[in-house]
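Listed below, chain by chain, are the residues.
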Amino acid sequence: MKSNIFSSRALFIFLAGLVVLSSVWILFVCLENENPSIKIETPSMTMAIGPSKNLLISVSDGKRGLRKILIAIVKDGKESILIDKEYPSGGFISGGKVNQDNISLSVEPKKLEITDGKAVLRMTAWDYSWQRWWNGNITTVEKEVVIDTKRPDVSVLSGIQNLNQGGSGIVIYSLSEPCEHNGVYAGGNYFQGYNGFFNDKNIYISFFALEYNKGPGTEVFVEATDDAGNSIRRGFKVFIKAQIFKKDSINISDGFLNSKMPEFNVEASKDSITPLADKFLKVNRDLRAENYNKITEIVKNTEKTPLWEGVFVSFPNAKKMAGFADHRDYNYQGKHIDSQVHLGIDLASVANAPVPAANRGKVVFAGDLGIYGKTVFVDHGLGLFSAYSHLNSFDVKEGDIIEKGGVVGRSGSTGLAAGDHLHFSMLVNNIFVNPLEWWDATWITNNITGKIQAVKSGSN
Ligand SMILES: [Zn+2]
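Residues numbered from 1 in each chain as written. Predicted model: local features only at pLDDT ≥ 70, side-chain atom pairs only at ≥ 80, totals over all residues. Heavy atoms only, no water.

Participant: Now, about the coordination of the zinc ion: what can you tell me, with residues and values included?
Facilitator: Around the zinc ion, the protein contributes the donor atoms His342 (NE2), Asp346 (OD), Asp346 (OD) and His423 (ND1), at 1.9 to 2.8 Å from the metal centre. Donor residues for the zinc ion, ordered by position in the chain, follow H-x3-D-x76-H. In this pair, His342 is assigned in strand S22 (residues 335–342) and His423 in strand S30 (residues 422–428), connecting sequence segments 81 residues apart. When its relative accessible area of 6% is taken as the criterion, His342 is described as buried. Accessibility expressed as a relative area gives 5% for His423, which makes it buried. (Donors = N, O, S within 2.8 Å, 3.2 Å for Na, K, Ca; no water. Helix = DSSP H or I, 4+ residues; strand = E, 2+ residues; numbered from the N terminus. Buried < 20%, exposed > 50% of the residue type's maximum accessible area, 1.4 Å probe, protein only.)

Participant: Help me get a handle on the pattern of salt bridges, residues and values and all.
Facilitator: Scanning the entire structure with this criterion turns up 18 salt bridges. Measuring nitrogen to oxygen at the nearest pair gives 3.2 Å for the salt bridge that ties Arg360 to Glu403. Here Arg360 is found in the loop between strand S24 (354–356) and strand S25 (361–368), whereas its partner Glu403 is found in the loop between strand S28 (401–402) and strand S29 (407–411), with 43 residues between them in sequence. Using a relative accessible area of 45% as the deciding quantity, one classes Glu403 as partly exposed. Two residues, Asp400 and Lys397, come together in a salt bridge whose shortest N-O distance is 3.1 Å. Each of Lys68, Asp84 and Glu86 takes part in salt bridges that share partners, so that together they form one network. (Salt bridge = Lys/Arg side-chain N within 4 Å of Asp/Glu carboxyl O.)

Participant: Got a sec to walk through the sheet that holds strand S4 (residues 66–75)? Specific residues and values, please.
Facilitator: Strand order in the open sheet formed by five strands is S2-S8-S7-S4-S5, with mixed pairing between adjacent strands. Each edge of the open sheet is held by one strand with a lone partner, namely strand S2 (48–49) and strand S5 (78–86). Pairing of S4 with S5, which is carried by eight bridges, proceeds in the antiparallel orientation. The residue of S5 that forms the bridge with Val74 is Glu79. (Pairing = 2+ DSSP bridges.)

Participant: Give me the lowdown on the packing of aromatic side chains, citing residues and values where you can.
Facilitator: Evaluated as defined, the whole model comprises 15 aromatic pairs. Residues Tyr292 and Phe432 carry aromatic rings whose centres are separated by 6.1 Å and whose planes lie at 40° to one another, so their mutual orientation is tilted. In this pair, Tyr292 is assigned in helix H4 (residues 275–298) and Phe432 in strand S31 (residues 431–433), connecting sequence segments 140 residues apart. Note on Phe432: relative accessible area 7%, which makes it buried. (Phe/Tyr/Trp six-rings, centres within 6.5 Å; stacked < 30°, edge-to-face > 60°.)

Participant: Tell me about the nonpolar core, residues and numbers included.
Facilitator: One finds Phe207, Phe280, Phe312, Phe377, Tyr388, Trp438 and Ile448 to be the most contacted residues of the largest nonpolar core, which totals 91 residues. Take this core: its biggest share by element is eight residues, from H4. Three or more residues apiece are contributed to this core by two domains, here domain 2 (154–243 + 450–456) and domain 3 (247–432). The contact partners of Phe377, leaving out residues within four places of it in the chain, are Ile295, Ile298, Val299, Lys362, Val363, Val364, Phe365, Leu369, Ser386, Ala387 and Leu427. With 22 residues, the next largest nonpolar core counts Leu66, Ile71, Ile73 and Tyr87 among its residues. (Core = buried A, V, L, I, M, F, W, Y, C linked by side-chain atoms within 4.5 Å. Domains from an automatic or database assignment. Contact = heavy atoms within 4.5 Å.)

Participant: So what's going on with the sheet that holds strand S11 (residues 168–175)? Residues and values would help.
Facilitator: Strand-to-strand pairing in sheets goes through backbone hydrogen bonds, with the strands running parallel or antiparallel. Taken together, the four strands give an open sheet; going across it, the order is S9-S11-S15-S14, and neighbouring strands pair in antiparallel fashion. Looking at strand neighbours, the two that pair on one side only are strand S9 (154–156) and strand S14 (194–195), the edges of this open sheet. Looking at chain direction, S14 and strand S15 (residues 203–209) are connected through two bridges and run antiparallel. Across the sheet, the residue bridging to Asn195 is Tyr204, located in S15. Relative to the sheet, helix H6 (residues 441–456) contacts S11 and S15, its axis offset from that of S11 by approximately 10°. (Axes fitted to C-alpha atoms, helices over the stretch in contact; angles between N-to-C directions.)

If you want it as structure tokens, here you go:
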């Protein structure tokens, strides 16, 4: 009998323990009160939804698991459901089978018959908790959005464009709404437009360029894209004047290579019969390309306002040795070994002559630049740059503001230069342009300042 009493007491303790444990389990596991989490993962999620917008939303519930997600757009009191998804249960005891889900949605307002204007993106998630009489914890996230399926408008204000192959130009245009992406495409190259130059903040100016190898028939147009992704292109009248560039032949001597190649850190292959010429090819091709990548980096940031004024000045008392876009054939021991295009103007004065800044600007680079030797880049604002190469020494450093005629350095023959001369080049963004235009006061008046003035006085 005693043992019977003992065993019923044990059973009682066991059952009581079970009740306590299951109560604890129900209280802390089944009745957990942690809400599911909802996060918008779309990169650079702006408030604007255009004709088609991809939304990436992650939803998770670390405890009992996800029960349901409902995502909708609410506009003028009307709810348009984007997704209504139920997640499987693992049974009454174990809760939901899914703890995390990434949802990718494509929102197309026209298909959903949602009109333009302010709306709310409403996202609600439930979990498998026993909270709220087995309905689960609930999370609602609301985000205000703007439905915008209307394209921006562009009006070109600057009239007809005369453009030289390898030349520069400007387009002035107004936008019907702010567009971060707005500018000119010329032969596939993009040139950002800037506002703030005119009193009217909707008026933008873009300095652009036509590459030396892009002639008549090249596509030139303005493009603008608003925050919602609505895009417009507007063409305008362009007259492109073809240019014929000079052909030049350069004989590469062993004397030149012997004196120049040590400056460059290149190696010819061990079995090379003409190691000097092979080194030269590496410099003239690979290093040239590498230097161009660096130039593209240098010109990435530009002042948002023009720093220059009037005609650009040249290197005084200098003789022109080579022109812009001269096509050069390189011969070694009577054999053609390479061809390159010379995208600047070579000017020779006396050795170590002071080199003036062509116009006012900000020094954005003063250092060694491979084939160009010691080089200074001056930013004149809105993507216009001048560059001074093969210098012997510098008179400026990065960050300096230099006035027109201020000395940037002394001429020399650093880099791939045979004798003391200045290699002067001009660029719009990373596109080399013909400096002759910028040295010509009449060209500047007709093609740049005159156009700006016409828009400013509204007489266009
Ligand atoms: Zn040159």
